[in-house]
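Descriptive analysis of the structure
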Amino acid sequence: MVTQEQINRINELSKKSKAEGLTEEEKVEQQKLRRLYIDSFKESLVSQLENTYYIDDTGHKKKATRKPKK
């Protein structure tokens, strides 16, 4: 789970990157925070989709399933 402080730090680093550039340490920190945010977002989305149901054409409630990977 990403905290509000971490989101604020991501935004600070983004603004600083555009304005003046980042040090190597800040670039590493930015990448770690971005990865944490993306992973948290994906986890939340998967959780929502696992609890998603739809009504088929015959009126039956069915659970949404993942498409098989090719």
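Keep in mind that this is a model prediction, so the values were computed, not measured.

Within the protein chain one finds two helices and two strands. Reading the protein chain from its N end, one meets helices and strands in the order α-α-β-β. With respect to the three principal axes, the spread of C-alpha positions in the protein chain is 60 × 30 × 20 Å. Within the protein chain, the fraction of its 70 residues that count as buried is 11%. Carbon and sulfur atoms provide 52% of the accessible area of the protein chain, an area that totals close to 6500 Å². Mean positive and mean negative side-chain charge positions of the protein chain (16 and 12 charges, respectively) differ by 7 Å.

Attention now goes to the packing of helix α1 (residues 4-19) against helix α2 (residues 24-50). Axis separation between α1 and α2 bottoms out at 10 Å; the angle between their running directions is 135°. The angle between α1 and α2 falls in the class oblique. Relative to α2, α1 is oriented so that their crossing is left-handed. In contact with Gln6, Ile7, Arg9, Ile10, Leu13, Ser14 and Lys16 of α1, α2 contributes Glu26, Glu29, Gln30, Leu33, Arg34, Leu36 and Tyr37. In terms of residue class, the contact of α1 with α2 is built from six nonpolar, three polar and five charged.

A few words now on α2. For α2, which comprises 27 residues, the first-to-last C-alpha distance of 39 Å matches the rise-based estimate of 39 Å (1.5 Å per residue) to within 8%. Looking at α2, one finds that the buried residues are Glu26, Gln30 and Leu33. On its buried face, α2 sits against α1.

Turning to the pattern of salt bridges, a few remarks are in order. Throughout the structure, instances matching the rule amount to six salt bridges. Its salt-bridge partner being Arg9, residue Glu12 comes within 3.2 Å of it at the nearest N-O pair. Within this pair, Glu12 and its partner Arg9 are both found in helix α1, separated by three residues, close to a single helical turn. Glu12 gets classed as partly exposed once you look at its relative accessible area, which sits at 45%. A salt bridge links Asp56 to Lys62, with the nearest nitrogen and oxygen atoms 3.7 Å apart. Via salt bridges that share partners, Arg9, Glu12 and Glu29 belong to a single interconnected network.

Calculation rules
- Residues numbered from 1 in each chain as written.
- Predicted model: local features only at pLDDT ≥ 70, side-chain atom pairs only at ≥ 80, totals over all residues.
- Heavy atoms only, no water.
- Helix = DSSP H or I, 4+ residues; strand = E, 2+ residues; numbered from the N terminus.
- Buried < 20%, exposed > 50% of the residue type's maximum accessible area, 1.4 Å probe, protein only.
- Areas by Shrake-Rupley, 256 points an atom, 1.4 Å probe, with all protein chains shown as cover.
- Lys, Arg positive; Asp, Glu negative; His and termini not counted.
- Charge placed at Lys NZ, Arg CZ, Asp CG, Glu CD.
- Axes fitted to C-alpha atoms, helices over the stretch in contact; angles between N-to-C directions.
- Parallel < 35°, antiparallel > 145°, perpendicular 65-115°, else oblique.
- Left-handed = near helix turned anticlockwise from the far one by under 90°.
- Contact = heavy atoms within 4.5 Å.
- Nonpolar A, V, L, I, M, F, W, Y, C, P; charged D, E, K, R; others polar.
- Expected span 1.5 Å × (residues − 1).
- Salt bridge = Lys/Arg side-chain N within 4 Å of Asp/Glu carboxyl O.

Geometry only, nothing functional implied.
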